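# Observations on chain architecture
The primary structure of each chain is shown beneath.
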Amino acid sequence: MSLSAFSSAFKLRSICRLQRIQAHMMSSRVEPDVLLEKVGRAGVITMNRPQVLNALNLSMVQKILPQLKKWEVDTETDLVIIKGHGRAFCSGGDIRAVTEAGKAGDPLAQTFFLQEYTLNNATGTCKKPYIALIDGITMGGGVGVSVHGPFRVATEKTLFAMPETAIGLFPDVGGGFFLPRLQGELGVFLALTGFRLKGRDVLRAGIATHFVESTTIGDLEKELVELKSPSMERLTEVLDRYHNQCTLDSEKPFILEEHMANINRWFSSDRVEDIFQNLKDDGSEFAMKQLETLSKMSPTSMKMSLRQLRKGASLSLQDCLVMEYRLTQACMRGHDFYEGVRAVLVDRDHNPKWSPATLEEVTDAMVEEWFLPLGESDLKL
C-alpha cells in the first residue's frame, strides 16, 4: 500500500470512529447532558453525565455558556451555582472525542478548546457570584469550570488532579493562571506529577475556598438559593458558617506539609532536567517516588507545562487562556496527545510510546515554537 493510500485509510478509520463516538453520545443520552434551572433567585447548572463522570463535552459547553451570559444580566438572578450529578463534579473534558477529531481533520479539535476556554473565562469574570460545589471527582475540565470563580466548596468526597502530562497534554483550562499562584512551587509539582489531592487537602492547597461535609451540601444549596438579593458578604457569611461548623479531618495536617520545603527546592528550576536531577540528588523515598512518576510522563508535556506555568505567573487569566489555546493546537499537530489518550483511555495499556522519548530531545527551539501566536486563528476573549 502506498503512503498516500495508507494515510487516506487511516483518516477514514478516524472519521468513522469519530462518527461512532458522536452517534453513541447522542443515542445513549436519555436525559440532557446538563440541566440549567432557575431555583429561587439562583441559576443552577447541573452537569448530568454521571455514567462518564460528567466529562465535559462540546454540547454541554454550548449550553452552559449562553445561559451563564443570560443569568449574568438577568435582574431576577442573583447568583449562579454549578454542581455535578453522581459521584463526580466533572472528571475532565471529553478528550477522546477531541483526539479522534484531530486525526480526522474535524474542526472539533479547534472548536472544543475555543469554546471551553471561553466558558472558563466567563466563569472567572462572571458579574454574579459564582459558586462551585465540587463534591466529588474534579479534574481537568472540571477544574476549569470551578476554580476561577470566587467560591469553591469541597467535601470529603472531592478528588482533585490535573493529570494531563500523563496523556501528552498540559494543565490547561487556565492552569497556567491558577497553578503558579498556589503556595511556593506546589502548582508546578501538581502540574508535572498529576498528584491527587483529596478532601480537606483541596482546601489546604488553596484550590477550594471552603470545606463542608458532603451530607450538608443539600442544606447549603437550599439556603443559598433562598437568599434574597445576597451581597458577596452575605454569601461569604453563609459559606463560612457551614465551613466553620465542619470539623471533619480538621486535625489532620496537609498531606504535603512535611514535603513542602523540599518541593519548593526541587521544583524551583526553569528546566525540567534540573528538577529530575534535584530529585535524584535528594534520594529520599518521597523524591524517588516523584522521580518514578515523572519518568512515565510525556517529555514534551512536561517541558510545555513548566514553561506555561512560568509564563502564566505574570499573565492575566485571559492571556493565559490565549496562550493555552496555542498550546492545544501544538498538541493537535504533534504525537504525544494522541498516543497518551490511546494508552490511557482507548487501549488502556498504560504504556505510551512518547516521541520525542527523552527530555534532551525536546529542544528549546521546539518549546518556543509552541507558544507562537496563531494570527487570525488565535483565541479571542
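Residues numbered from 1 in each chain as written. Predicted model: local features only at pLDDT ≥ 70, side-chain atom pairs only at ≥ 80, totals over all residues. Heavy atoms only, no water.

Here we take up the overall build of the protein chain. If you tally the helices and strands in the protein chain, you get 17 helices and 10 strands. Taking 2.2 N^0.38 as the reference for a compact globule, 381 residues should give roughly 21 Å; the C-alpha atoms of the protein chain span a radius of gyration of 21 Å, in line with that estimate. When the backbone C-alpha atoms are referred to their principal axes, the protein chain occupies close to 65 × 50 × 35 Å. Burial status across the protein chain gives 53% buried among its 381 residues. Nonlocal contacts in the protein chain, meaning residues at least 24 apart in sequence, comprise 74% of its contacts between residues at least 6 apart. Summed over its atoms, the accessible surface of the protein chain is roughly 16600 Å², and 53% of this surface lies on carbon and sulfur atoms. Here the protein chain contributes 44 positive and 49 negative side-chain charges, whose respective centroids are spaced 4 Å apart. (Helix = DSSP H or I, 4+ residues; strand = E, 2+ residues; numbered from the N terminus. Rg over C-alpha atoms; globule rule 2.2 N^0.38 Å. Buried < 20%, exposed > 50% of the residue type's maximum accessible area, 1.4 Å probe, protein only. Contact = heavy atoms within 4.5 Å. Areas by Shrake-Rupley, 256 points an atom, 1.4 Å probe, with all protein chains shown as cover. Lys, Arg positive; Asp, Glu negative; His and termini not counted. Charge placed at Lys NZ, Arg CZ, Asp CG, Glu CD.)

What follows deals with the packing of helix α3 (residues 95-104) against helix α4 (residues 108-125). Two elements in contact, α3 and α4, have axes whose closest approach is 8 Å; the angle formed by their N-to-C orientations is 140°. In terms of orientation, α3 and α4 fall into the oblique class. Only Leu108, Ala109, Phe112 and Phe113 of α4 make contact with α3, whose side of the interface consists of Ala97, Val98, Ala101 and Gly102. In the contact of α3 with α4, the residues fall into 7 nonpolar, 1 polar and no charged. (Axes fitted to C-alpha atoms, helices over the stretch in contact; angles between N-to-C directions. Parallel < 35°, antiparallel > 145°, perpendicular 65-115°, else oblique. Nonpolar A, V, L, I, M, F, W, Y, C, P; charged D, E, K, R; others polar.)

Reading across from one edge, β1-β2-β3-β5-β7-β10 is the order of the 6 strands in this open sheet, with mixed pairing throughout. This sheet does not close on itself; its edge strands, each paired only once, are β1 (34-39) and β10 (210-211). Across the sheet, helix α9 (residues 217-225) is in contact with β1, β2 (42-47), β3 (79-84), β5 (130-134) and β7 (151-154); its angle to β3 comes to roughly 160°. (Pairing = 2+ DSSP bridges.)

Take the side chain of histidine 210 next. Within the secondary structure, histidine 210 is located in strand β10. Polar side-chain contacts of histidine 210 include one of 2.9 Å to the side chain of threonine 209. There is a polar contact of 2.8 Å between the side chain of histidine 210 and the side chain of aspartate 240. Once you skip the residues sitting within four places of it in the chain, histidine 210 turns out to touch Phe151, Arg152, Val153, Ala154, Leu203, Leu239, Asp240 and His243. (Polar contact = N/O pair within 3.5 Å; in protein donor to acceptor, adjacent residues only side chain to side chain.)

A few words on the pairing of β7. Alternating positions in β7 separate into two faces, Phe151 and Val153 on one and Arg152 and Ala154 on the other, with burial throughout. Strand direction decides the pairing type here: β5 and β7, joined by 4 bridges, are parallel. By the bridge assignment, leucine 133 is partnered in β7 with valine 153. Bridge count for β7 against β10 is 2 bridges, and the pairing is parallel. Residue pairing in the sheet places valine 153 in a bridge with histidine 210 of β10.

Here helix α15 (residues 317-333) spans 25 Å end to end across 17 residues, near enough to the 24 Å set by a 1.5 Å rise per residue. The buried fraction of α15 is high, at 14 of 17 residues. (Expected span 1.5 Å × (residues − 1).)

Here we take up the packing of aromatic side chains. For the structure shown, the criterion picks out 7 aromatic pairs. For the ring pair phenylalanine 337 and tyrosine 338, a centre distance of 6.4 Å and an interplane angle of 45° mean the geometry is tilted. There is no split in this pair, since phenylalanine 337 and tyrosine 338 are both buried. In textbook terms, an aromatic cluster arises when at least three aromatic residues are bridged by ring pairs, as seen for Phe189, Phe195, Trp266, Phe267 and Phe286. It is lysine 311 that lies over the ring of phenylalanine 371; its NZ or CZ is 5.4 Å from the centre. (Phe/Tyr/Trp six-rings, centres within 6.5 Å; stacked < 30°, edge-to-face > 60°. Lys NZ or Arg CZ within 6 Å of the ring centre and 35° of its normal.)

Turning our attention to the state of the cysteines. Here, disulfide denotes a covalent bond that connects the sulfur atoms of two cysteines. As enumerated under the stated definition, the model contains 0 disulfides in all. For the unlinked cysteine cysteine 126, the closest cysteine sulfur is that of cysteine 90, found at 18 Å. Given the relative accessible area of 15%, cysteine 126 is considered buried. This cysteine, cysteine 320, is not joined by any disulfide, and cysteine 331 carries the nearest cysteine sulfur, 16 Å off. (Disulfide = S-S within 2.5 Å.)

Secondary-structure assignment places methionine 232 in helix α10 (residues 232-245). Looking at methionine 232, the relative accessible area reads 36%, which means it is partly exposed. A sequence separation of 82 residues divides methionine 232 from proline 150, and the C-alpha atoms of the two residues are 9.4 Å apart. With near-sequence residues (within four places) excluded, methionine 232 lies in contact with Pro129, Pro150 and Phe151.

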